[in-house]
2 protein chains.
Amino acid sequence: MRYEIRLAGIGGQGVILAGLVLAEAGVFERHYVVHTQNYGPEARGGTSISEVMFSDAEIDYPKTLGLDILLALNQDACAKNLPDMKPEGLVIIDSDLVEKVPWGKVVSVPFSRRAREKLKNQKVTNMLALGTLVPFCPWVSSRSLRKAISKRMPPGTIQLNLSALQEGLKLARRLKSSLKFDEIEGATEV
Amino acid sequence: MRYEIRLAGIGGQGVILAGLVLAEAGVFERHYVVHTQNYGPEARGGTSISEVMFSDAEIDYPKTLGLDILLALNQDACAKNLPDMKPEGLVIIDSDLVEKVPWGKVVSVPFSRRAREKLKNQKVTNMLALGTLVPFCPWVSSRSLRKAISKRMPPGTIQLNLSALQEGLKLARRLKSSLKFDEIEGATEV
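Residues numbered from 1 in each chain as written. Chains lettered and ligands numbered in written order. Predicted model: local features only at pLDDT ≥ 70, side-chain atom pairs only at ≥ 80, totals over all residues. Heavy atoms only, no water.

Concerning the relation of the copies chain A and chain B
Of the two same-sequence chains, chain A is brought onto chain B (RMSD 0.0 Å, axial shift 0.0 Å) by a rotation of 180 degrees. These values place the two chain copies in the arrangement generated by a two-fold rotation axis. For chain A, the residue whose C-alpha comes nearest the rotation axis is Thr36 of chain A, separated from it by 2.1 Å. When you check the interface residues of chain A against chain B, 100% turn up at the interface there too, and the contact is symmetric in its surfaces. (Least-squares fit on C-alpha atoms with pLDDT ≥ 70 in both. Contact = heavy atoms within 4.5 Å.)

Focus: the environment of Leu82 of chain B
Residues and elements named next belong to chain B. Structurally, Leu82 is set in the loop between helix 2 (75-81) and strand 5 (85-94). Relative accessible area serves as the criterion here: at 11%, Leu82 is assigned to the buried category. As a C-alpha pair, Leu82 and Thr132 span 50 residues in sequence and 19 Å in three-dimensional space. For Leu82, the contacting residues outside a window of four places in its chain are Leu70, Val91, Val101, Pro102 and Trp103. (Helix = DSSP H or I, 4+ residues; strand = E, 2+ residues; numbered from the N terminus. Buried < 20%, exposed > 50% of the residue type's maximum accessible area, 1.4 Å probe, protein only.)

Thoughts on the packing of helix 3 (residues 111-118) of chain B against helix 4 (residues 125-133) of chain B
Residues and elements named next belong to chain B. Look at helix 3 against helix 4: their axes get within 9 Å of each other, and the N-to-C directions meet at 120 degrees. Pair helix 3 / helix 4 crosses with right-handed handedness. Each of Phe111, Ser112, Arg114 and Ala115 in helix 3 lies in contact with helix 4, whose residues at this interface are Thr125, Leu128, Ala129 and Thr132. Class assignment of the residues belonging to the contact of helix 3 with helix 4 gives a composition of four nonpolar, three polar and one charged. (Axes fitted to C-alpha atoms, helices over the stretch in contact; angles between N-to-C directions. Left-handed = near helix turned anticlockwise from the far one by under 90°. Nonpolar A, V, L, I, M, F, W, Y, C, P; charged D, E, K, R; others polar.)

Here's the deal with the interface of chain A and chain B
Across the boundary between the two partners, chain A contributes 26 residues, which contact 26 residues of chain B. Taken over both partners, the interface formed by chain A and chain B buries close to 2400 Å², and the fraction arising from carbon and sulfur atoms is 57%. Counting only elements with at least two residues in the side of chain A that touches chain B, the list comes to helix 1 (15-28) and strand 2 (32-39) of chain A. Sorting elements by how many residues they give to the side of chain A that touches chain B places strand 2 of chain A first, with eight residues. (Buried area = accessible area lost by both parts, 1.4 Å probe.)

Focus: the state of the cysteines
Residues and elements named next belong to chain B. Tallied over the entire structure, the rule returns zero disulfides over all chains. For Cys78, which is in no disulfide, the shortest distance to another cysteine sulfur is to Cys137 and amounts to 18 Å. The exposure class assigned to Cys78 is buried, which follows from its relative accessible area of 2%. (Disulfide = S-S within 2.5 Å.)

Thoughts on empty space enclosed by the protein
This structure, assessed with the given rule, holds two cavities of 30 Å³ or more. Roughly 60 Å³ of volume is contained in the largest cavity. Looking at the largest cavity, the residues that line it are Leu7, Ala8, Gly14, Val15, Ala18, Leu71, Leu73, Asn126, Ala129 and Leu130 of chain B. Among the elements of the structure, strand 1 (2-10), helix 1 (15-28) and helix 4 of chain B are those that each provide at least two residues to the lining of the largest cavity. Residue contributions to the lining of the largest cavity peak at three residues, all from helix 4 of chain B. Looking at the lining of the largest cavity residue by residue, the class counts come to eight nonpolar, two polar and no charged. By volume, the second largest cavity amounts to about 40 Å³. Lining of the second largest cavity is provided by Leu7, Val15, Ala18, Leu71, Leu73, Asn126, Ala129 and Leu130 of chain A. Elements with a minimum of two residues in the lining of the second largest cavity: helix 1 and helix 4 (125-133) of chain A. (1 Å grid on protein atoms, 1.4 Å probe; cavity = no way out; pocket = protein on both sides within 12 Å on 5 of 7 lines; lining within 4 Å. Points joined across faces, edges and corners; volume = space filled by probe spheres on them.)

Structure follows, in structure tokens:
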């Protein structure tokens, strides 16, 4: 059993730190975890990718077999990574930054706008986005994510990051309860 | 051309953060970089491994082909990872925490003791250890490591981390100038 999540955005959106928190949350869940960041020379301002694999056994092959979840923070990050999806995988996008996606199962949340409006800080977009994973990903709980945030984030920012996580979780829960994936096509907004 | 560095220690020694800084320094050098962390359920207190690969072309195969440098912060981390070395690879160890190593090219530096004594803070052992890489690794400079530390570390701790890097660099430079690897056997202390 293996579960793969890829976070993709542009440099500066906090994708790598979000991956680190997700990976460490997986450790708290007692999974085997491999976390990989791939930087091209285009990383400065270009696409930034952070991938987290959970497994109940040691992971021998750290290359993608197929993504269960792609969390895409901008259009380019989304387009580039769709080819690596599992057929039944879920794409979660920032509805303000990603336009229509040629994929069946899409959840669309205005991450960065909500971070700006509700948390008054766009920097925590990454933690808000992590929160939206929780209702859709059986391998990680909000409890272990909170634990990982408390461990990994600079002390002065922990509360803000926890609030962002909670906001994302709330939005995604509301969305999930109203979704039937076999009925929708393309993106759905909260 | 590909260059592989593995950092290995126990949970809490800051191996993952050191890997992150090393990876981002590589980006500043305009390399392609893949950074992988592998956590087993033993990660809590057990061996923690962070691996950084530099290349001048895109990295298709993110699994170790052979380590150019193994930086081992404790005995177990050293023993477990020797089988993955390139024959001509270099092992850098904490001389207080790793005993004799069955390897030809070994550099031995009392990382944690120096961090405690010179920096008055054992937490920066990881950055001091990173500093010791520099004279032996042609793929990364102290300049780009300083840049990565300034970018990634919490603001209040940057100066301390930079000082630790500098101390490691100084120790390793002194050591390198007195070493001839074909003449030594086993560990050599600063």
